[in-house]
Amino acid sequence: MLFYVLSRKTYARNLQYRGAHMVHNIASALFGFIYTSIWTAIAADQPLGEYGSAGIVSYVAFNQCSLWVAAFMTNGLGIEQSVRTGSIALELMRPVHLFYQLMCKEWGQVAYQFVYKFIPIYALYAVVLPMYIPKSLMTWLTTAVALILAGYLSICINYIIGAVALWTTESRWLYWVNHAFSMLLSGFLIPLEWLPEPLAFIARWSFYPFLHYVPTRIYLGMSSPLSLLGSLAWAVILTAICLGLTSLMRRKVEVQGG
Amino acid sequence: MMSGLRMYGLLFRASIRSRMQYRFNFWFSSVMSAVISIVEFLMLAVILLKFGHIKGWSLAEAGWLYSVLSLSRAIYRTVANDVHNIESYLVSGDLDGLLLRPIPVLTALMSRNVSIRFGEVFQGIAVLVVSMSALIREGQIGWLSIPLTVFVIISGALLLFSVGLLTASAGFWLTRITELQNITEDAARTAVQYPVSIYPRWLQGILVGIIPVGFANYMPGLFVLRGDTGWWMLPLTAGIAAALFTLALFVWRFGISRYQSTGS
Amino acid sequence: MKPMITVHQLSKSFRSPLPAPEGPFRGLRTLMSRQYTEKEAVRGVNFSIAPGEFVGYIGPNGAGKSTTIKMLAGILHPTSGEVRIDGLNPHRDRRQVARRLGVLFGQRTQLWWDLPVRDSYDILAAMYGIDAERKDARINELADLLQLGEFMDTPVRKLSLGQRMRADLAAALLHDPDVLFLDEPTIGLDVVAKRSIREYLHSINIELGKTVLLTTHDMDDIEQLCSRVIVINRGTLGFDGTIDELRRRIGLPTLIRVTYRQAPVLPSAEINENATSLRLAEVDGRTLTAECNREAISAMEALRLLEQYGDIEDVHMEEPHFEDVIHTLY
């Protein structure tokens, strides 16, 4: 119930800015277009392994759409702001766990972004790009599950980023550093198998591939749904970290009074 | 003019002193921004290391394009940070305070919340040095290209500043300009981080003709790196930057005269 | 004497695009829309202020106070009409006018938030082209007057609100402007701090001879400081004159509360025959309350009339509250 109320509120709050967000979609679509152009240019001279030139365009384009579900969250889930205004102490006092509250709110944000950003950009790409569109219902379903898990991982990561603000007073930079690493290590622009060794190693042992690489390969029918087990494992680990962090935060706020 | 520069210098230093009050944040943000720009460049580098070249542009050449743009942008954002942040001034009505001073509003705005972009400068210089020394070793370019590159960076900074100022001026009519900036500043700049020739014709047209950020690195790069065009490319580059700057100043002044201060 | 501020037929209207009708892409269509609503914030306002006057400029929220002040300061361009500050046009000669103007916004500081107070003065002095010698003299003078000494080297963000207001006031006065605009200079201050700010403002007006235009919602500010009040409501001037004139013009009655030795013997209904000057409002045991219009009848006459109803033991008179005077005007 609380989940529904909180997420709906966030969704509705965003609706007011629909117009501006539509203009923003132009920019977002352009970014994806830039990335696909890079690969088309490279594919002009050489074959691109199992992806092929059409496959890589679909790969990058789908990643650009899924940014809005799996990557672009509210900076630190808004914890930084609560820290600055001091309302964090109040939020920690509420009878509902802070992580649960913020997660519910953020799902509203993700739902909004899915409807007003993911879908319009996807539709545009489906028209103007040679975009691969899966035929099997099973693929669509597993892709959806993969994206939901990716969204959840991203929410956890942002919770951790936000929690750090309690010690550093700001989390903006961490947010962008995380974003930069995510672009490189999640397979957003470059499929993991093409990363050179030290980077590929780091990527394989991080949660980043489950944000983009895994969902998109499932969408393209290149990976089996079994790879979702990895997403699940990371979801469990990150949830445990978030819960642990919250009790640290509580202690910190109790000592300092926010 | 001289007194204007002195005024700007004074405000600039005051802004730095303010920032230094939060020393940890200052260094932390500098390191973080260096990390971000290095990681961003790694994406391009990884692709080129794996596939050799992109539309005939080698890693060294692409590195030159990338770092020249980074440095131009670092200069623009260091010298005129809050031009990019004008929306918050318009929404909160803080622009009123700047209008009360006996100095040009633009001077006052540019010297606010100055952030020295050590991170981007460091990344830019590092990539530029590596790229250019490789190109010089291969004999593709000579020592003359060094002063030419400095010229291109400065001209590019003026160009990016002008694009930023024009977009900011639109705020006097639209108030909310974040989305517009996303297109004219972020998307356009990201596009020219890569050789413009990889894009379809219509996008190339936009990047050279409408939001002419292509003149910040790619167009002059054709001459400096490859001698594809005549020497006239450099005065043309500077001319376009100067023309856009003049236009931006004009629109800015007109915008201020149309300013509708918010708040009661 | 040549007026310091002249405002002639000043008007300002704001245009905002009409929201497009409901439907898809509404925001985008609003952006493209050519239909506007005009809102007249200020309409045909005239007044002129002589050097050395202390004028209160009041009105309810949204009446057009801030819009007027912003036009006077050169922040906004008027739609029509004229403003002159010491003969200069604040829109054409914004920077010259800025030199003659000191402005204080109580709600937001003009000082550099993270720097010591003294640094802000150094920067401002450079902006206004004040040489070092004159600057030091000026800062000493202001530090004396406003007692800034104790926090001169403290960063602004660490000042109390009262201290910050004094520091801001000094900043507005640093370049020795002829005219001072004060917007809510006592907002959020406690009683003691309010009183001290008012004292400072009073001496700035009297000793330094500044022309002051004060906008505020605190009627005590107006009553204690201003020699003249201008009231604006819904964009037009409602009143321009002294505080006493304002009181009289509104004619709120003075309340007279009389306590008799015995319960008063009231004559029948015709008592309120000349109700324009004296009206019996309430009788409660031995106490009688009457409303008395001081324009029509003097206090002595009123008492003489009230004596007819019994022996008076005690009299209490209440002048109308200024707050209420203004309230009827809005």
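About the thresholds
Residues numbered from 1 in each chain as written. Chains lettered and ligands numbered in written order. Predicted model: local features only at pLDDT ≥ 70, side-chain atom pairs only at ≥ 80, totals over all residues. Heavy atoms only, no water. Helix = DSSP H or I, 4+ residues; strand = E, 2+ residues; numbered from the N terminus. Rg over C-alpha atoms; globule rule 2.2 N^0.38 Å. Buried < 20%, exposed > 50% of the residue type's maximum accessible area, 1.4 Å probe, protein only. Contact = heavy atoms within 4.5 Å. Areas by Shrake-Rupley, 256 points an atom, 1.4 Å probe, with all protein chains shown as cover. Lys, Arg positive; Asp, Glu negative; His and termini not counted. Charge placed at Lys NZ, Arg CZ, Asp CG, Glu CD. Salt bridge = Lys/Arg side-chain N within 4 Å of Asp/Glu carboxyl O. Buried area = accessible area lost by both parts, 1.4 Å probe. Polar contact = N/O pair within 3.5 Å; in protein donor to acceptor, adjacent residues only side chain to side chain. Pairing = 2+ DSSP bridges. Axes fitted to C-alpha atoms, helices over the stretch in contact; angles between N-to-C directions. UniProt positions renumbered as here; feature names shortened; annotations may be inferred. Expected span 1.5 Å × (residues − 1). Bend = angle between axes of the 7 residues up to and from the residue. Arc of directions from axis to C-beta. Nonpolar A, V, L, I, M, F, W, Y, C, P; charged D, E, K, R; others polar.

Under an unreviewed UniProt entry, chain A has the name ABC-2 family transporter protein and belongs to Paenibacillus terricola.

A. Focus on the overall build of chain B. Within chain B one finds 12 helices and two strands. Going residue by residue from the N terminus, the α and β elements of chain B occur as α-α-β-β-α-α-α-α-α-α-α-α-α-α. The C-alpha atoms of chain B give 19 Å as radius of gyration, which agrees with the globular expectation for 264 residues (18 Å, within 12%). Sorting the 264 residues of chain B into buried and exposed places 59% on the buried side. Looking at chain B alone, contacts between residues at least 24 apart form 74% of all its contacts between residues at least 6 apart. A total accessible area of about 10,700 Å² is found for chain B, and carbon and sulfur atoms account for 69% of it. For chain B, the separation between the mean place of its 19 positive charges and that of its 12 negative charges on side chains is 6 Å.

B. Spotlight on the pattern of salt bridges. In this structure the tally under the stated criterion is 30 salt bridges over all chains. Close ionic contact of Asp 94 of chain B with Arg 108 of chain C constitutes a salt bridge, the shortest N to O distance being 3.5 Å. Residue Asp 94 of chain B is found in the loop between helix H4 (86–92) and helix H5 (95–99), and its partner Arg 108 of chain C is found in the loop between strand E5 (101–105) and helix H4 (117–127); the two belong to separate chains. Taken together, the shared-partner salt bridges connect Arg 138, Glu 141, Asp 176 and Lys 210 of chain C into one network.

C. Representation of the interface of chain B and chain A. With 31 residues of chain B at the interface, the matching set in chain A holds 35 residues. Taken together, both faces of the contact between chain B and chain A bury some 3,100 Å²; the carbon and sulfur share is 84%. Considering only the surface of chain B that becomes buried against chain A, Met 43, Phe 51 and Glu 179 of chain B emerge as the three largest contributors, covering 20% of it. Applying the counting criterion to the chain B and chain A interface returns zero salt bridges. Our enumeration of links across chain B and chain A arrives at one residue pair in polar contact (both at pLDDT 80 or more). A per-element tally of the side of chain B that touches chain A places helix H2 (residues 23–51) of chain B first, with 15 residues.

D. Structural context of the sheet that holds strand E11 (residues 278–284) of chain C. Residues and elements named next belong to chain C. An order of E11-E12-E10-E13 is seen for the four strands of this open sheet, with the pairing classed as antiparallel. For this open sheet the edge positions go to E11 and strand E13 (312–318), each flanked by a neighbour on one side alone. Here the average twist between neighbouring strands, direction ignored, is 20°. Here E11 runs beside strand E12 (residues 287–292); their pairing, made up of six bridges, is antiparallel. Looking across to E12, one finds that Arg 279 is bridged to Glu 291. This element, helix H10 (residues 299–307), spans strand E10 (254–260), E11, E12 and E13 of the sheet and lies at about 140° to E13.

E. Spatial organisation of the UniProt feature "transmembrane region" (unreviewed entry) in chain A. All names here are of chain A. When the UniProt feature table is mapped onto this chain numbering, "transmembrane region" (unreviewed entry) sits at residues 21–44, 56–74, 114–133, 139–161, 173–192 and 226–248. Secondary structure across residues 114–133 divides into 75% helix and 0% strand, with the first and last C-alpha atoms of the span separated by 18 Å. In the segment residues 139–161, helix accounts for 100% and strand for 0%; the C-alpha atoms at its two ends are 32 Å apart.

F. Spotlight on helix H6 (residues 98–128) of chain A. Across its 31 residues, H6 of chain A extends 43 Å between first and last C-alpha, which sits within 8% of the 45 Å expected from 1.5 Å per residue. At Phe 114 of chain A, H6 of chain A is bent by approximately 40°, the largest bend along its length.

G. Summary view of helix H5 (residues 132–146) of chain C. Residue and element names in this part refer to chain C. Here H5 spans 21 Å end to end across 15 residues, near enough to the 21 Å set by a 1.5 Å rise per residue. Among the residues of H5, those classed as buried are Lys 135, Arg 138, Ile 139, Leu 142, Ala 143 and Leu 146. Mapping the buried residues of H5 onto a view down its axis gives an arc of 130°, with all of them on the same face. Exposed residues on H5 whose side chains face more than 90 degrees from its buried face are Glu 133, Asn 140 and Asp 144. Looking at the buried side of H5, the elements it contacts are H4, helix H6 (161–173) and helix H7 (191–206). Note on H5: the residue one or two positions beyond its end, Gln 147, has a positive phi of about 55°.

H. Inspection of the sheet that holds E5 of chain C at higher detail. Residue and element names in this part refer to chain C. Judged by pairing direction, the sheet is mixed, and its six strands sit side by side in the order E5-E6-E7-E3-E8-E9 without closing on themselves. Two strands in the sheet have a free side with no partner beyond their single neighbour: E5 and strand E9 (236–241). With direction set aside, neighbouring strand axes in the sheet form an average angle of 15°. Relative to E9, strand E8 (residues 228–233) runs antiparallel, the two being bridged by five bridges. Its bridge partner lying in E9, Ile 230 is registered against Asp 240.

I. Summary view of the interface of chain B and chain C. Tallying the contact residues gives 28 residues for chain B and 28 residues for chain C. Carbon and sulfur atoms make up 55% of the surface buried where chain B meets chain C, a total of about 2,800 Å² over both sides. Counting the surface chain B buries against chain C, the share from its top three residues, Leu 100, Arg 101 and Pro 102 of chain B, is 27%. For the pair chain B and chain C, the interface holds three salt bridges. Our count for the chain B to chain C interface comes out at 12 residue pairs in polar contact (both at pLDDT 80 or more). Breaking the side of chain B that touches chain C down by element, the ones donating at least two residues are helix H1 (2–20) and H5 of chain B. It is H1 of chain B that provides the largest number of residues to the side of chain B that touches chain C, a total of six residues. In terms of residue class, the side of chain B that touches chain C is made up of 14 nonpolar, 10 polar and four charged.

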